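Here is what each chain is made of, one letter per residue.
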Amino acid sequence: LFSFLKNNFETITYKQKLDIIYHLVKGLKLLHSLNVVHRDIKPENILITNGTHVRYIDYGYSCVKDEFPPCFATAVGSPMYIPPEIALKSKEFEMSEMTFEQLVKTDIWSLGITFIVLCFGSSLWKASDTDELLSTIISSTDEDISQKIDNIIVVYRETYNTPQSEIDTYKH
């Protein structure tokens, strides 16, 4: 997906984006129903074929529920796509408290950040290094995140002359 976006972002249609999102959600729902968490969802770990068919790849950090020894005690994933609670726990080395259900939620968060990149070509976070990035994620409030998304939308709408009706669909 990363290369696809890099090479085709300006020509990907609204329908294609929605199709990709649909397939990503469907695939993640299946993965979670099999009691597997991916733990590193990002555009670089999504293979896209035939324009909108997607496959999650790179299961190196994935975990299976009730696997022994538990793999939930380590912070993994790409910092740009991890949720604030994981960023905080990784800085404090307190991952042992994470449950499978919490890790399912982190997959969903990572997918949400991936959606933002897919739809608007930009991430929420800007930082010069990993420590700054983690601190930015940790200190972000819901209002900060909403404002960042609104700013991305304004730039996207102005850059690509996008109708407000399309933007409204993304926001819901």
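Preceding block: the structure.
About the cut-offs
Residues numbered from 1 in each chain as written. Predicted model: local features only at pLDDT ≥ 70, side-chain atom pairs only at ≥ 80, totals over all residues. Heavy atoms only, no water. Helix = DSSP H or I, 4+ residues; strand = E, 2+ residues; numbered from the N terminus. Contact = heavy atoms within 4.5 Å. Buried < 20%, exposed > 50% of the residue type's maximum accessible area, 1.4 Å probe, protein only. Pairing = 2+ DSSP bridges. Expected span 1.5 Å × (residues − 1). Arc of directions from axis to C-beta. Axes fitted to C-alpha atoms, helices over the stretch in contact; angles between N-to-C directions. Parallel < 35°, antiparallel > 145°, perpendicular 65-115°, else oblique. Nonpolar A, V, L, I, M, F, W, Y, C, P; charged D, E, K, R; others polar. Salt bridge = Lys/Arg side-chain N within 4 Å of Asp/Glu carboxyl O.

## Brief notes about the environment of isoleucine 113
- Tracing the backbone through its elements, the reader meets isoleucine 113 in helix α4 (residues 100-120).
- If we ignore the near neighbours within four places in the chain, the residues touching isoleucine 113 are Met80, Tyr81, Ser123, Leu124 and Trp125.

## Focus on the pairing of strand β2 (residues 46-49)
- The alternating pattern of β2 places Ile46 and Ile48 on a buried face and Leu47 and Thr49 on a face that is not buried.
- Relative to strand β3 (residues 53-56), β2 runs antiparallel, the two sharing 4 bridges. Within β3, the residue paired with isoleucine 48 across the bridge is valine 54.
- Hairpin connection, β2 to β3: the antiparallel pair is bridged by 3 residues, and asparagine 50 has positive phi, about 50°.

## Some thoughts on helix α2 (residues 14-33)
- Between its first and last C-alpha atoms α2 spans 29 Å; for 20 residues at 1.5 Å apiece the expected length is 28 Å, and the two agree.
- Taken together, the buried positions of α2 are Lys17, Ile20, Ile21, Leu24, Leu28, Leu31 and His32. For α2, the angular spread of the buried residues around the axis is 100°, confining them to a single face. The exposed residues of α2 that point more than 90 degrees off its buried face are Lys15, Lys29 and Ser33.
- Phi turns positive, to about 65°, at asparagine 35, one or two residues after α2.

## Observations regarding the packing of α2 against α4
- The N-to-C vectors of α2 and α4 enclose an angle of 170°; their axes lie 11 Å apart at closest approach. The orientation of α2 relative to α4 falls into the category roughly antiparallel. Residue-level contacts link Lys17, Ile20, Ile21, Leu24, Val25, Leu28 and His32 of α2 to Val104, Asp107, Ile108, Leu111, Phe115, Leu118 and Cys119 of α4.
- Looking at the contact of α2 with α4 residue by residue, the classes come out as 11 nonpolar, 1 polar and 2 charged.

## Considering the pattern of salt bridges
- Counting across every chain of the model gives 2 salt bridges.
- Measuring nitrogen to oxygen at the nearest pair gives 3.0 Å for the salt bridge that ties aspartate 19 to lysine 15. Placement of both aspartate 19 and lysine 15 in helix α2 is noted, with a separation of 4 residues, approximately one turn of the helix.
- Of the residues examined, aspartate 19 reaches a relative accessible area of 24% and is grouped as partly exposed.
- The closest approach of N and O atoms between glutamate 101 and lysine 65, which form a salt bridge, is 3.2 Å. Highlighted residues: glutamate 101 in helix α4 and lysine 65 in the loop between β4 (63-64) and α3 (84-92), separated in sequence by 36 residues.
- Its relative accessible area of 42% is what places glutamate 101 among the partly exposed residues.
- On the basis of relative accessibility, which here comes to 30%, the residue lysine 65 falls in the partly exposed class.

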